Amino acid sequence: MKSKWLTIVCIATSFLNANAQHSGNVNSETAKKEMGNYNYNYNNQYQNREVNSIQTTYSNDYEMVINIKGIYNEKATAQRAVFSVLQIGKSAEEVTNLIDDRINKVAKELQEFNKDIEVVSDIITFIPTYEYEAEKKIFNPKTYNEKPSGFELKKNLIIKYKNTNDLNKIMNICAKQEIYDMAKVDYVTSNLDQIRDVLQAKALEEYKQMLTNYSAIMNTDLFKKEKTLTEGYNTIYPMESYKSYSAYSQASINFDPKSQVNQVKKNTTQFYDAALAKSHTFVVNPEITEPTIQLFYDMVIKIKLKEDQLPKNTIIRNNRYYIITAAGDIKPLNL
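Given the structure is predicted, the values throughout are model-derived calculations rather than measurements.

S.K.: Account for the overall build of the protein, with residues named and values stated.
M.R.: Counting secondary structure elements, the protein contains 5 helices and 14 strands. Here the protein holds 335 residues, and 21% of them are scored as buried. Taking all contacts inside the protein whose residues are at least 6 apart in sequence as the whole, residues at least 24 apart take part in 75%. For the protein, the accessible area works out to roughly 25000 Å², and carbon and sulfur atoms hold 50% of it.

What follows is the structure, given as structure tokens:
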């Protein structure tokens, strides 16, 4: 009988843990704080949560403001991985030959793997190194300058590729030549102009639909009202959207009263955290899985609900109103 109860408890515990994983381990620290001393009432977890709406349109007696926001998730047309390469040698010729040999071997193997991959090297620093002795220093007899004992050369290896999965092979090839330091990965797209046109056209469609609906609700033709427009663009690349994350997993059960639980050092890593679509009117390409270039578009339309009581070509002098005719004549306006 005890074994059956133990099985039921284990299944229930596994079920709870499995469901918790849908929120990710990022939320574990929050859950720990909410549970306090772990005396959490699991029977009353369900509650109707109040969620505040995000205001996109508002109006008063004089104007209406419509805010339309859009996101375009763009898969990179190419990526650039930058590797840092360090080489030391006894002479300038030796250090140059050694680093060039390593880079050329990487470039040759990458070309054999995929001919579309481009490899470029960029010199960063080329400096001499010195060794100091307590009793003796070596000088050049012609200039009496201290001789360098060696040279240090740093280069950046820039590798451009189109397929995201190729980066694994690129790293393996670089590691064969003892090139391990990947400084960064840039995401490149050649479609920025077209994407902005798509965002603007999509926002215009949303605006026309909104204006049609609001005209019916307010019983007035908003298309004929005077309007002002403000728009803006922004671009966020994947490297700007990564956040730090520390693992939360920790054992809290002590089976032996005399035993000691050792705290395991938590692993710290990063994860890609794209901007959410909940505060935006529309999203283009919402189902892309890999990290993407996110382009944002914002359009604000102000609609004047009440027309001015006076004509636009009216001027005021000494509290009197005058109107300028089409012929340029100024005539008093009797109000």
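From this point on, the discussion continues.
S.K.: Mind laying out the sheet that holds strand E4 (residues 118-129), listing which residues take part and the relevant values?
M.R.: The strand order across the open sheet formed by 4 strands is E4-E5-E3-E6, and the pairing between neighbours is antiparallel. The open sheet is flanked by E4 and strand E6 (181-188), the only strands paired with a single partner. Taking each pair of neighbouring strands and ignoring which way they run, the sheet shows an average axis angle of 20°. Here E4 pairs with strand E5 (residues 150-161) via 11 bridges, running antiparallel. Looking at the pairing, Phe 126 lines up with Leu 153 of E5. Where helix H4 (residues 166-176) meets the sheet, it contacts strand E3 (78-89), E5 and E6, and its direction lies at approximately 160° from that of E5.

S.K.: Could you give me a rundown of the nonpolar core, with the residues and numbers involved?
M.R.: Nonpolar side chains tend toward joint burial in soluble globular proteins. Ile 68, Phe 83, Leu 157, Ile 159, Ile 170, Cys 174 and Ile 303 are the most contacted members of the largest nonpolar core, which has 42 residues in total. When residues no more than four places from it in sequence are discounted, the contact partners of Ile 170 are Phe 83, Leu 110, Ile 117, Ile 159 and Tyr 161.

S.K.: Can you tell me about the pattern of salt bridges, naming the residues and giving the values?
M.R.: This model, assessed by the stated rule, comprises 6 salt bridges. In this structure, Lys 75 engages Glu 290 in a salt bridge whose closest nitrogen and oxygen atoms are separated by 3.7 Å. Of this pair, Lys 75 sits in the loop between strand E2 (63-74) and E3 while Glu 290 is found in the loop between strand E10 (282-284) and strand E11 (293-304), placing the two residues 215 residues apart along the sequence. Notably, a salt bridge pairs Glu 109 with Lys 176, separated by 2.8 Å at the nearest N-O pair. Here Lys 176 lies in helix H4 and Glu 109 lies in helix H3 (residues 92-113), a separation of 67 residues in the sequence.

S.K.: Lay out the side chain of Asp 186 with the relevant residues and their values.
M.R.: By the secondary structure assignment, Asp 186 is in strand E6. For Asp 186, a relative accessible area of 15% gives the class buried. Of the polar contacts made by the side chain of Asp 186, one reaches the side chain of Lys 184; its length is 3.3 Å. With residues near it in sequence (within four places) discarded, Asp 186 still touches Ala 78, Gln 79, Arg 80 and Met 239.

S.K.: Can you lay out the packing of aromatic side chains for me, pointing to particular residues and giving the numbers?
M.R.: Scanning the model with the defined rule gives 4 aromatic pairs in all. Ring centres of Tyr 233 and Tyr 297 lie 4.9 Å apart, and the angle between their planes is 50°; on these two criteria the pair is classed as tilted. Of the two residues, Tyr 233 is situated in strand E7 (residues 227-236) and Tyr 297 in strand E11; the sequence distance between them amounts to 64 residues. Accessibility expressed as a relative area gives 1% for Tyr 297, which makes it buried. Residue placement shows Arg 196 over the ring face of Tyr 233; its charged tip is 5.5 Å from the ring centre. Directly above the aromatic system of Tyr 62 lies the positively charged group of Lys 306, at a separation of 5.3 Å from the ring centroid.

S.K.: Outline the pairing of E11, listing residues and values.
M.R.: When E2 meets E11, the two strands line up antiparallel, connected through 12 bridges. Note on E11: the bridge partner recorded for Glu 63 is Lys 304. Here 10 bridges tie E7 to E11, and the two strands are oriented antiparallel to one another. Paired with Lys 227 across the bridge in E11 is Ile 303.

S.K.: Residue-level account of the side chain of Arg 102, with values.
M.R.: Mapped onto the elements of the fold, Arg 102 is located in helix H3. Lacking a salt bridge, the buried Arg 102 has Glu 178 as its closest oppositely charged neighbour, with an N-O distance of 5.1 Å. Only 3.0 Å separates the side chain of Arg 102 from the backbone oxygen of Gln 177, close enough to count as a polar contact.

Quick notes on the rules
- Every chain's residues receive numbers from 1 upward, in the order its sequence appears when written.
- Selection of residues for local features in this predicted model requires a pLDDT of at least 70, selection of side-chain atom pairs for listing and counting requires 80 or more, and totals for whole chains, interfaces and linings are taken over all residues.
- No hydrogens and no water enter the side-chain calculation; it runs on all heavy atoms of the structure.
- Helical segments are the DSSP runs of H or I of at least four residues, strand segments are the runs of E of at least two, and each set is numbered from the N terminus.
- For every residue, the accessible area (1.4 Å probe, protein chains only) is compared with the maximum for its type, and the residue is labelled buried under 20%, exposed over 50%, or partly exposed between those bounds.
- Any pair of residues with heavy atoms lying within 4.5 Å of one another is described as a contacting pair.
- Areas reported as accessible are Shrake-Rupley estimates using a 1.4 Å probe. Residue values count occlusion only from the protein chains shown.
- Any two strands are treated as partners once DSSP identifies two or more bridges connecting them.
- To get an axis, fit a line to the C-alpha atoms, keeping to the stretch in contact for a helix; angles then go from 0 to 180 degrees between the N-to-C directions.
- Side-chain atoms within 4.5 Å are what join buried Ala, Val, Leu, Ile, Met, Phe, Trp, Tyr and Cys residues into a set we call a nonpolar core.
- Salt bridges are defined as contacts in which a side-chain nitrogen from Lys or Arg sits within 4 Å of a carboxyl oxygen from Asp or Glu.
- We define a polar contact as two N or O atoms separated by no more than 3.5 Å, with the added condition that, inside protein, one atom must be a possible hydrogen donor and the other a possible acceptor, whereas residues neighbouring each other in sequence contribute only through side-chain atom pairs.
- Only centres within 6.5 Å qualify two rings of Phe, Tyr or Trp (six-membered ring in Trp) as a pair; their planes then separate them into stacked at under 30 degrees, edge-to-face at over 60, and tilted for everything else.
- Throughout this description, the term charge over a ring refers to an Arg CZ or Lys NZ atom that lies within 6 Å of the ring centre and within 35 degrees of the ring normal.
- Neither His nor the chain termini are counted; the positive set is Lys and Arg, and the negative set is Asp and Glu.

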